[in-house]
Amino acid sequence: PVVTATPSPHANLAEITPSLPTAPGFPPYRLRRYGGFWLTDLLLKFVGASHTRFRPRPTDVILVSFPKTGTTWLKALAFSVLNRSAHPPSAGGDHPLQRNSPHDLVGFLELAGEDDDGLIYEEIPSPRLLATHLPYSLLPHGITGPEDGSGGRIVYVCRDPKDTLVSFWHFHLKTTATLQRMADVGGASSAMPTFEEAFELFCKGQSVAGPQWRHTLEYWEASRRSPDQVLFLRYEDMLLDPSGSLRKMAVFMGCPFSPEEEADGVVRDIVELCSLGTLKGLEVNRSGSTMLGLKNEDFFRNGTVGDWSSCMTPDMAARLDGIVAEVLQGSMLTF
Ligand code: A3P
């Protein structure tokens, strides 16, 4: 069993979970409000148990994202960077990403089974690559508390909330029926919302790990305070300059590309291997399934900037932008 010295601020969370405020959310999973965020029972369970179940290592890299902001891509890129010696990304080679969903190669902290006593993490060799959708303020204290780097490093990706919502909308249409069958994730379902209803809920922050802008603001502030501990990336910048973003990640993760690797085109090969076009076309991602019984293909759509205009009127966009801008006022963060 894993033992930590710091008493958990969430020690009684399991006890109080049933009495936490609930409200309709988008997607229509059962959400409860805790620490200023709307969370599923699955996330809450991990928050409550993480102080005893998760023991950070200095070499850990934790990938963090609000859902639908580029998690799958980030997982593929980080896995390829970290494992490039054992698994060269060159075209035609045999790479784990050609046989596995990025979600099967990099697991979510919150999906570790409740009864395994955290051993699922302990068994992973260093350097561990893990992921989560949790807000910064609810991460295990062992990750965020130490300033000496012993809690590992965090890579965060953010995305324009308008595109995030539209991405979530399409994902919801394909997956909510599956997820609602799972007590931890969906539980008792509410009716399927129209896009207009989903928009209203999202604007109120009532989405998984929402409000998105508060989620992002916490990581933005942490990255400003501790740039060696938190790398803040933007989905839109990654699309514009995938190679530059990849180099930044490699430096931050402590494994920069050598001049020889640059000359050999390793950066180009990773970018190509992890591109939406490549991953989406792989047999494993067209037919396989991953965590929570979700289909791999549901994580790949069109990956563009500005697709919000396909679902949202200019007035809706302006309203959401206004809500976000008000919260971010004075923070120097813009989407
Ligand atoms: P769209 O729905 O806008 O196309 P997440 O991985 O956090 O669930 O986010 C899913 C979004 O990332 C989807 O956006 C999806 O198409 C996009 N995406 C998935 N893999 C990608 C990749 N390799 N490159 C760029 N975008 C990707």
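Presented here is a report on the structure given in the accompanying data block. None of these values were measured; they are calculated from a predicted model. (Residues numbered from 1 in each chain as written. Predicted model: local features only at pLDDT ≥ 70, side-chain atom pairs only at ≥ 80, totals over all residues. Heavy atoms only, no water.)

**Concerning the pattern of salt bridges**
Put simply, the rule is: Salt bridges, as used here, are contacts in which a Lys or Arg side-chain nitrogen is within 4 Å of a carboxyl oxygen on Asp or Glu. Note on classification: 1.4 Å probe, protein chains only; a residue is buried when its accessible area is under 20% of the maximum for its type, exposed when over 50%, partly exposed between these limits. Each helix is a run of H or I in the DSSP string that is no shorter than four residues. Each strand is a run of E no shorter than two, and both are numbered from the N terminus.
This model, assessed by the stated rule, comprises 14 salt bridges. With a shortest N-O distance of 3.1 Å, Arg-99 and Asp-94 are connected by a salt bridge. Assessed through its relative accessible area of 55%, Asp-94 is described here as exposed. Between Arg-319 and Glu-200 there is a salt bridge; the shortest N-O distance is 2.9 Å. Within this pair, whereas Arg-319 is found in helix α16 (residues 314-328), its partner Glu-200 is found in helix α8 (residues 195-203), the two being separated by 119 residues in sequence. Under the relative-accessibility criterion, Arg-319 is labelled partly exposed at 41%. Residue class for Glu-200 comes out partly exposed when judged on its relative accessible area of 34%.

**Side note on the state of the cysteines**
In a disulfide, the sulfur atoms of two cysteines are covalently bonded to one another. Selection criterion: Whenever a pair of cysteine sulfur atoms sits within 2.5 Å, that pair is classed as a disulfide.
Under the definition given, this model contains zero disulfides. We note that Cys-203 lacks a disulfide partner, and the nearest cysteine sulfur, in Cys-311, lies 14 Å from it.

**Digging into the side chain of His-10**
Definition in use: Whether two residues are in contact is decided by their heavy atoms, any of which lying within 4.5 Å being enough.
Within the secondary structure, His-10 is located in the segment before α1 (13-16). Look at His-10 and you get buried, because its relative accessible area is 8%. Apart from the residues lying within four places of it in its own chain, the contact partners of His-10 are Tyr-34, Val-47, Gly-48, His-51 and Leu-138.

**With respect to helix α13 (residues 266-273)**
Within α13, six of the eight residues are buried, which leaves the element mostly enclosed by the surrounding structure. All of the buried residues in α13 are Val-266, Val-267, Asp-269, Ile-270, Val-271 and Leu-273.

**Notes on the packing of α8 against α16**
Keep this limit in mind: Orientation is described by axes fitted as lines to C-alpha atoms, over the contacting stretch for helices, and by angles from 0 to 180 degrees between their N-to-C directions. Our angle categories are set so that under 35 degrees counts as roughly parallel, over 145 as roughly antiparallel, 65 to 115 as roughly perpendicular, and the remainder as oblique. The hand of a helix crossing depends on one turn: near helix anticlockwise from the far one by less than a right angle means left-handed, and clockwise means right-handed.
Their axes nearest at 10 Å, the elements α8 and α16 cross at an angle of 15 degrees. One element, α8, and the other, α16, form an angle in the roughly parallel class. As for how α8 packs across α16, the hand of that crossing is left-handed. Taking contact as the criterion, the partners of Phe-195, Glu-196, Phe-199, Glu-200, Phe-202 and Cys-203 in α8 are, on α16, Met-316, Arg-319, Leu-320 and Ile-323.

**Topic: the site of the ligand**
This is how it is decided: We call a residue near a molecule or strand whenever a single non-hydrogen atom of that residue lies within 4 Å of it. A 3.5 Å cut-off defines polar contacts: any pair of N or O atoms within that distance qualifies, except that in protein one atom must be a possible hydrogen donor and the other a possible acceptor, and neighbouring residues in sequence count only when both atoms are side-chain atoms. Residue exposure ignores everything except the shown protein chains as possible cover, and the areas themselves are Shrake-Rupley values with a 1.4 Å probe.
In the neighbourhood of the ligand, 18 residues make up the surrounding shell, with Lys-68, Thr-71, Thr-72, Ser-167 and Gly-303 lying closest. Between the ligand and Leu-276 there is a distance of 3.4 Å, counted from a nitrogen atom to a backbone nitrogen or oxygen. Compared with its free state, where it exposes 570 Å², the ligand has 97% of that area covered by protein. Among the elements of the structure, α3 (71-82) and α14 (276-281) are those that each provide at least two residues to the shell around the ligand. For the shell around the ligand, the leading source of residues is α3, giving three residues.

**Regarding the packing of aromatic side chains**
The description of two aromatic rings rests on the distance between their centres and on the angle between their planes. Short version of the rule: Two aromatic rings, drawn from Phe, Tyr or Trp (for Trp, its six-membered ring), form a pair once their centres lie within 6.5 Å of each other, and the interplanar angle then sorts them: stacked below 30 degrees, edge-to-face above 60, tilted otherwise. Only when the NZ atom of a Lys or the CZ atom of an Arg is both within 6 Å of the ring centre and within 35 degrees of the ring normal do we say a charge sits over the ring.
Under the definition given, this model contains 14 aromatic pairs. For the ring pair Phe-26 and Phe-168, a centre distance of 5.9 Å and an interplane angle of 70 degrees mean the geometry is edge-to-face. One end of the pair, Phe-26, is in the loop between β1 (22-23) and β2 (31-34); the other, Phe-168, is in helix α7 (residues 161-180), and 142 residues separate them in sequence. The two residues Phe-26 and Phe-168 agree in class, both being buried. Taken together, the aromatic side chains of Phe-26, Phe-168, Trp-169, Phe-171, Phe-195 and Phe-299 make up a single cluster linked through ring pairs. A cation over a ring is seen here: Arg-214 above Phe-37, with NZ or CZ 4.5 Å from the ring centre.

**With respect to the environment of Phe-202**
Here Phe-202 is to be found in helix α8. Since its relative accessible area comes to 0%, Phe-202 is described here as buried. Look past the residues within four positions of Phe-202 in its chain and what remains in contact with it is Phe-66, Pro-161, Thr-164, Leu-165, Ser-207, Gln-212, Trp-213 and Leu-320.

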